[in-house]
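The chain contents come next:
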Amino acid sequence: MNVLYYLAEANLYVGVFYLAYCLFLNRNTHYQLSRVYLIFSCVVAFILPLVQVSALRSVKPVESESTLSPVKFAAPAITATEAIPPVISPAVTVAKQYHYQAPTLASPAAPAVLARHLSWQEGLLYAYLVGAAVLFFMLFIKLYTLFKMFNNKQTVNEGKYRIVYLNGPDVAFSFFNYLFISTDIHGANTIIRHELVHIRQKHSIDIILLELLKIVNWFNPFVYLLQNSLKTIHEYIADEQTAAYESDTLTYASFLLDSAYGAGGTSIANSFFNYNLLKKRIIMLNQQRSGNLARLRYLVAVPICAALLCTSTLLFSKNYGWVDLAPAGVKSPGKYAMLNARFTARPKLLKITENGVSTITNQLSVDQQNKKVAYTAATITRADSLSLLKNHNIKVEVVADSAKFTTRDGRPILPVVNVDGYYLMDHFLRNNIHYTSAKDEKGGLVEVGFALDKDRRITNARVVKSGGAKLDALALNGFNAYKGIVNDDPGKNLKIGVYFFTGDYSIFKTDSLGNDPEFGGELIITNYKYSATRTIKGYEYDESNVGFPGDNGNTASAKVVIYEKNGEGIWYFQNKCTPADLKMLKDKYGYTFPSAASMTIQFFHPNDRHSRLAYIFDAVSYLDAPYANQFYNYMLDSVKYPEKAKKALTGGVVVLNFNLDNDGMIGNVSVEKSAGNGFDEAAVRALQSYKFAIKDSPGKHIIAVSFCVAENKYRPVVGEAIKKDGYVGELAISDIKSMFKMGTAKYYPAGTVIQKVGH
């Protein structure tokens, strides 16, 4: 329906330009400029919808850096408004290669017939096409009638134009280089002089342009009015230049009056005889000529264009704005944004269905005409698929790889999406939209649009992009049930993508959403209990700006929203928390701000350089202040993850004892708790090599070194028993080094040695 939206916007602009003409230029006698204005308005009205100035749109602000009042929300569980029957698919098995031997005799099965209902959008489109077809047919008939006249035997070639003499009543009109005139018409020389003005100035091009415009925009009354005004301007121009040859204007006006009752020509030609225009033509012949300053009135087109360009950018939500004159300074949606710049589809396989059984394979081989023909997802064509279905009763579809990616405890790993930053709303939706999927249900994407009222609450929620009746109902009911605030500007229009995830990663295609200027972000609703992040005391929380490289101390802008047991959410900002606040967070909620974090990006398909489907693992450390900067960075570089453990995806916790002398130097390093697998040696070696003073009290100290596995998001648990006197915290080491260095992000191919996060 984008074409109809585009046409509606363009036709609105045509109306604006024409109304401006009627208000400011209709009585002006600078006819050539009026002609240019009308043609210009027809063209530019269809260009402006394709142009936008994104800089005019407000960029989504960063979450407010002040503690928000608790937002209370309570609502019943969200379910679909109507029952959706389960979709039963044939059994699916997995194979590396599928070979099919065609039988000698086969009876092709008739293809299934799917019921389809005509939507109102399609009905509107068909009605538009019917109207356009009728106008096109009418234009064809008019042109055909003219071309038949071209073959008239009474044709005289006058060099740059031809005169076609017609039998019958008084008639005179011109079309391109042809001048049609009755053989015995009165005042033939004056009429020919008049029509030659139309021919020299190529007025027929204007008329054909308006006829084509009328076909495309047959529903717009302004197009018909504009065409009549342009043809009137043509007559004013021809009258003005013809009258200059006469003894005076009054004589020519009298001639027009005497010739008032001639026959008019076809509507696509410039006809001399037009009774409806006679009065206007005589009045304008005697109208006082407009002065030079009147030319400035035509500059009204400039502010109109500017206003319509702003309107096109600010009021219309569209994806056909191909030209951006001033792109907005795009606010990064967070540390994950770089991953979604080229978020591409999963590798493709073939799904082969025969006799009700489906097989997923990377290749299909079929014996055809005494030779074996192999098909893959990359080589099979639609014609091949139709041929296989017709001749061998095999249905072949190209599908995305459906491999599962799970954590060590078996939970599906969720990929990175463009985080919307509306944590309170997202928390409510995740906990109140209960998505249960039928067998083999794929899930999908629903894009919901809404506006914020003056209190920053959701109004006018609607489905912008459908994912099917069931998913649409779940998403829309969820947004309508949320009564809390959305932390953005009042009056703003937003669109949020909601992914309903069943384990099929092919639904994640964020590049189709991010280009919309109203796009606010995305969230994921799973068909299982959402795995919320909880503190050691069981409170749900969401962290932000933790582990973002390039800031002071790696977590200087860290903030957390703690959700009370009743669902209230309260924000806390690390750089604004007092020591009493930090103690309260630890004692009441069991939460401690990380001291630093190393962010690792894991690609689902690391060997596919075109794929950016990925997930994040933050190796978060909790170290006392003396160990949180130089010591942390050094250890992050120096601890070498054992290669055997890395290949086996093994992790563990090593607890080390060490002494600080009076100068703050480390000594007497020993292992209090072993993790084996080479972890002990790696931790001891790195700690012994640290030769810088630490500003901490002398004596015995304890540090836990957690060896984490990024691929399955495994982080071993540090027991509470070791957190006794002298405990300085937990240092997290990932088996994969972060791709972030000195505050920038780079993609390192497999096998590249990557250094630590700077700071």
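Keep in mind it's a predicted model, so treat the numbers as computed, not measured.

Rules used throughout
- Residues numbered from 1 in each chain as written.
- Predicted model: local features only at pLDDT ≥ 70, side-chain atom pairs only at ≥ 80, totals over all residues.
- Heavy atoms only, no water.
- Helix = DSSP H or I, 4+ residues; strand = E, 2+ residues; numbered from the N terminus.
- Buried < 20%, exposed > 50% of the residue type's maximum accessible area, 1.4 Å probe, protein only.
- Patch = residues over 30% accessible without salt bridge, like charges linked within 9 Å, V, L, I, M, F, W, Y side chains within 5 Å.
- Areas by Shrake-Rupley, 256 points an atom, 1.4 Å probe, with all protein chains shown as cover.
- Salt bridge = Lys/Arg side-chain N within 4 Å of Asp/Glu carboxyl O.
- Pairing = 2+ DSSP bridges.
- Phe/Tyr/Trp six-rings, centres within 6.5 Å; stacked < 30°, edge-to-face > 60°.
- Lys NZ or Arg CZ within 6 Å of the ring centre and 35° of its normal.
- Axes fitted to C-alpha atoms, helices over the stretch in contact; angles between N-to-C directions.
- Parallel < 35°, antiparallel > 145°, perpendicular 65-115°, else oblique.
- Contact = heavy atoms within 4.5 Å.
- Nonpolar A, V, L, I, M, F, W, Y, C, P; charged D, E, K, R; others polar.
- pLDDT = per-residue confidence, 0-100.
- Core = buried A, V, L, I, M, F, W, Y, C linked by side-chain atoms within 4.5 Å.
- Expected span 1.5 Å × (residues − 1).
- Arc of directions from axis to C-beta.

## Thoughts on unusual backbone geometry
Inference 1: Residue Asp-440 is not a glycine yet carries a positive backbone phi of 65 degrees.
Inference 2: Tracing the backbone through its elements, the reader meets Asp-440 in the loop between α11 (423-432) and β15 (443-452).
Inference 3: Look at Asp-440 and you get partly exposed, because its relative accessible area is 48%.
Inference 4: The backbone phi angle of Leu-649 is positive, close to 55 degrees, even though this residue is not glycine.

## Some points on a nonpolar patch on the surface
Inference 1: Together, Phe-137, Phe-140, Ile-141 and Tyr-144 line one region of the surface with nonpolar side chains, adding up to about 430 Å² of accessible area.
Inference 2: If you trace the backbone, Tyr-144 turns up in helix α3 (residues 120-150).

## Observations concerning the pattern of salt bridges
Inference 1: Counted according to the given criterion, the structure contains 17 salt bridges.
Inference 2: For Lys-454, the salt bridge identified is with Asp-455, shortest N-O distance 3.6 Å.
Inference 3: A relative accessible area of 70% places Lys-454 in the exposed class.
Inference 4: Given the relative accessible area of 40%, Asp-455 is considered partly exposed.
Inference 5: With a shortest N-O distance of 3.3 Å, Glu-540 and Arg-534 are connected by a salt bridge.
Inference 6: By relative accessible area, Arg-534 is classed as partly exposed at 45%.

## Things to note about the pairing of strand β21 (residues 569-573)
Inference 1: Taken across its five residues, β21 has five buried, putting it largely inside the fold.
Inference 2: Summarising the sheet, strand β20 (residues 559-563) and β21 pair through five bridges and their orientation is antiparallel. What sits directly across from Val-560, in β21, is Tyr-572.

## A look at the packing of aromatic side chains
Think of a pair of aromatic rings as described by two things: how far the centres are apart, and how the planes are tilted against each other in angle.
Inference 1: Summed over all chains, the structure comprises 35 aromatic pairs.
Inference 2: Measuring from ring centre to ring centre gives 6.1 Å for Tyr-128 and Phe-219, while their planes differ by 65 degrees; the resulting arrangement is edge-to-face. Taken together, the positions of Tyr-128 in helix α3 and Phe-219 in the loop between α5 (203-216) and α6 (221-243) put the pair 91 residues apart, joining distant regions of the chain.
Inference 3: On the numbers, 5.2 Å between centres and 80 degrees between planes, the contact of Phe-631 with Tyr-690 is edge-to-face. Residue Phe-631 is found in helix α14 (residues 630-638), and its partner Tyr-690 is found in the loop between α16 (679-688) and β26 (699-708); the two are separated by 59 residues along the sequence. Residue Phe-631 shares its accessibility class with Tyr-690, and that shared class is buried.
Inference 4: Each member of the aromatic cluster is reached from another via a ring pair, and the members are Phe-17, Tyr-18, Tyr-21, Tyr-37, Phe-40 and Phe-222.
Inference 5: When the ring centre of Tyr-245 is taken as origin, the NZ or CZ atom of Arg-193, which lies over that ring, is 5.0 Å away.
Inference 6: Cation over ring: Arg-281 sits above Phe-272, and NZ or CZ is 5.4 Å from the ring centre.

## Things to note about the packing of helix α7 (residues 249-258) against helix α8 (residues 275-285)
Inference 1: Where α7 meets α8, the closest approach of the two axes is 10 Å, and the angle between their N-to-C directions is 175 degrees. In this view, α7 runs roughly antiparallel relative to α8, as classed from their interaxial angle. Facing α7, whose interface residues are Thr-249, Tyr-252, Ala-253, Leu-256 and Leu-257, α8 presents Leu-278, Arg-281, Ile-282 and Leu-285.
Inference 2: Class assignment of the residues belonging to the contact of α7 with α8 gives a composition of seven nonpolar, one polar and one charged.

## Details of the sheet that holds strand β7 (residues 178-182)
What holds strands together in a sheet is hydrogen bonding between their backbones, with the strands either parallel or antiparallel.
Inference 1: Read from one edge of the open sheet, five strands run β4-β5-β7-β6-β8, paired in mixed fashion. The open sheet has two free edges, formed respectively by β4 (155-157) and β8 (270-271), since each of these has just one partner strand.
Inference 2: Looking at chain direction, strand β6 (residues 172-175) and β7 are connected through four bridges and run antiparallel. Within β7, the position partnered with Ala-172 by the bridge is Ile-181.

## Some points on the confidence of the model for the protein
Inference 1: Mean pLDDT over the protein works out to 79, with 77% of the residues at or above the 70 mark.
Inference 2: Between residues 741-759, whose pLDDT stays under 50, and residues either more than four places distant or in other chains, the model counts 42 contacts.

## Focus on the nonpolar core
Inference 1: By size, the foremost hydrophobic cluster in this structure holds 42 residues, and its most contacted members are Phe-17, Tyr-37 and Phe-46.
Inference 2: Breaking this core down by element, the ones donating at least two residues are α1 (2-24), α2 (31-47), α5, α6 and α9 (301-314).
Inference 3: Ranked by residues supplied to this core, first place goes to α1 with 10 residues.

## Details of the environment of Asp-624
Inference 1: Following the sequence through the fold, Asp-624 ends up in the loop between β23 (614-623) and α14.
Inference 2: Taking C-alpha positions, Asp-624 is 8.8 Å from Tyr-727, a pair spaced 103 residues apart along the chain.
Inference 3: Not counting the four nearest positions on each side in its chain, Asp-624 is found in contact with Tyr-727 and Val-728.

## Description of α9
Inference 1: Helix length check: α9 (14 residues) gives 20 Å between terminal C-alpha atoms against 20 Å at 1.5 Å per residue, within 8%.
Inference 2: Every buried residue of α9 is listed here: Ala-301, Ile-304, Cys-305, Leu-308, Leu-309, Ser-312 and Thr-313. Taken end-on, α9 shows its buried residues confined to a sector of 165 degrees, consistent with a single buried face.

## Digging into the environment of Asp-170
Inference 1: For Asp-170, the position within the fold is in the loop between β5 (162-166) and β6.
Inference 2: A relative accessible area of 32% means that Asp-170 is categorised as partly exposed.
Inference 3: Residues Asp-170 and Asp-184, spaced 14 residues apart in sequence, show a C-alpha to C-alpha distance of 7.7 Å.

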